[in-house]
Each structure stands twice: as structure tokens, then as C-alpha cells.
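Read off the chains here:
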Amino acid sequence: MSFARLLSALVIVSALVGGCQSMDDAGQVIDRASLVNDLASRLDGSGELTYSADYQLTGGRTATIAQAQEPLRSAYVYPDGKVTVTAEATTECHTASGATTCTLTAPPAPANKPAVTLFENAGAKGLVAPTVVVGLLTTAALDTDAVIEQSDTTVAGRHATCVQVERVQNAAASKFDACITTEGVLGSFAGVVNGSAVDIALTRYRDAVDADAFAVPAGATVLDQRAGAK
């Protein structure tokens, strides 16, 4: 075989190998995107559950996410604050110098998707809402340059699928770790969201909520800013 024909054959083989590699890479991207999309969908589906989840925050602090159906209500309790969302109102409570003030505004629609704007500055509250994590996972799934690694673990006695995500562009968090339980509940999250560090881990999960989970804290000053309020 002449040198020219040998060179031509090598070029063809190289092209074929390169093509196979590209197909493999594309398959890996699709698989990673599918995994993250599945986790986002699983977490988004938790909006249909009734549950209470307790979390450990940085520095030994604690937080709770509670949700009930019929009527649909949710509550996010964090150090020095609480947010409740019902069909009647969104209530944000803050405690300072021993005094609690709660502000009522119009409820969101739909009522189980409230917390993206409420928790944009997640680090200030120490708690990241599931709806925020759904958005981060969805963005990562769409970014073909994102680096995603999967693992499985047990959080608070419940099986969870975890992802380590890096190099996400145009997102509230370019790098984060998240674990989602089989039920679809946020098991853990660690990352910097909109410039604030968040690190939470599930410590207790139950298929029920306390009677006062969605109530305004006793003794709080209530400011009703809903349209038509007196």
C-alpha cells in the first residue's frame, strides 16, 4: 500500500473513532440531563405531598418545611423568621429584639409554587426552598457544559439520590450538591445561592403536620397589606 493510500485510510479510521467518541459524549450529556430532570421532577412533585421535614443548618441552627393539602398550605420556618403560604395570604414573619412582625400579602398562584422569590437571598435565612432547587436542577440539565456526578445515600433514614453539579452558567448557583429522597423531599443542599452560602441536611421526616404549623406566631404584630385590607 502506498503512503498516500495508507494516510487516507488512517484519516478515515480517525474520523470514525472521533465520530464514535462524539456520540458517546452526546449520550453522556443526555443521560446526565435526564438524571437531573428526573430529580427536578421528583422534587417538584413533593408539592402534592403532606409532610413535615426538619433540617439542620449551619452553626447548629434548625429549620422546618411543612406542607398540607386540601386546602393547600405550606410553611417555611427558619431562625428568626417564618413564611406561610395559604389560599388567603402569603405571610412573612421576622423576629428582632424579641418582637415578631408578620406582613400579609396576596397569595401566589399556584399556591404550591411560592418560594422562588421569597427565598432568593437564601443565605440570609439559612434555608433554601424546594422550588429554588428545582430551578437550579432544571438550569443544570439544560447546560451541556455542566459537570454532574451522581451518588446514592441515606438521609434521616431515607434513601436519596444525590448530584454534585459544577460549572453551571447563568444560574443562581454555579456549583452545588443536592440530594432528593425517594418521596421527592429535599434531603440536603450545599452551595452558594445568589452569593449566600447555604448548607442544610434533613434530620427528620414525617407524613403529617403540626396543628399550628401555618399559624401566625403568638403575640406577633400583624401588618395586612393585601388589597382591600383594613
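Look up: the structure comes first, before these words.
As the structure is a prediction and not an experimental result, all values here were calculated from the model.

### Remarks on the state of the cysteines
What we call a disulfide is simply a covalent bond connecting the sulfur atoms of a pair of cysteines. Enumeration over the complete set of coordinates arrives at 2 disulfides. Bridging cysteine 93 to cysteine 102, the disulfide has an S-S length of 2.1 Å. Across the disulfide from cysteine 93 to cysteine 102, rotation about the S-S bond amounts to roughly 110°, and the bridge is consequently right-handed. Using a relative accessible area of 4% as the deciding quantity, one classes cysteine 93 as buried. Each bonded cysteine of the protein chain is numbered by sequence order, and under that numbering the disulfide pairs are 1-2, 3-4.

### With respect to the sheet that holds strand 8 (residues 158-166)
Taken in spatial order, the 12 strands make up an open sheet running 7-8-9-10-11-1-2-3-4-5-6-12, and their pairing is mixed. Looking at the sheet topology across the chains shown, the edges are occupied by strand 7 (147-155) and strand 12 (221-224). Neighbour to neighbour, the strand axes of the sheet diverge by 15° on average, direction disregarded. As defined by bridge partners, strand 2 (residues 62-68) adjoins strand 3 (residues 73-78) across 5 bridges and the pair is classed as antiparallel. Within strand 3, the position partnered with alanine 68 by the bridge is arginine 73. Across the face of the sheet, helix 4 (residues 130-142) comes into contact with strand 1 (51-56), strand 2, strand 3, strand 7, strand 8, strand 9 (176-181) and strand 10 (186-193) while running at roughly 70° to strand 10.

### A short note on the packing of aromatic side chains
Evaluated as defined, the whole model comprises 2 aromatic pairs. Where tyrosine 51 meets tyrosine 205, the ring centres are 5.8 Å apart and the plane angle is 25°; that geometry is what we call stacked. A residue pair is termed long-range when its members are at least 10 positions apart, and tyrosine 51 in strand 1 and tyrosine 205 in strand 11 (residues 196-206) qualify at 154 residues. Across the pair, tyrosine 205 and tyrosine 51 agree in class, each one buried. Consider the rings of phenylalanine 176 and phenylalanine 189, whose centres lie 5.6 Å apart with planes at 20°: the pair is stacked.

So, how was this worked out
- Residues numbered from 1 in each chain as written.
- Predicted model: local features only at pLDDT ≥ 70, side-chain atom pairs only at ≥ 80, totals over all residues.
- Heavy atoms only, no water.
- Disulfide = S-S within 2.5 Å.
- Buried < 20%, exposed > 50% of the residue type's maximum accessible area, 1.4 Å probe, protein only.
- Pairing = 2+ DSSP bridges.
- Helix = DSSP H or I, 4+ residues; strand = E, 2+ residues; numbered from the N terminus.
- Axes fitted to C-alpha atoms, helices over the stretch in contact; angles between N-to-C directions.
- Contact = heavy atoms within 4.5 Å.
- Phe/Tyr/Trp six-rings, centres within 6.5 Å; stacked < 30°, edge-to-face > 60°.

Function cannot be inferred from these measures alone, as they are strictly geometric.
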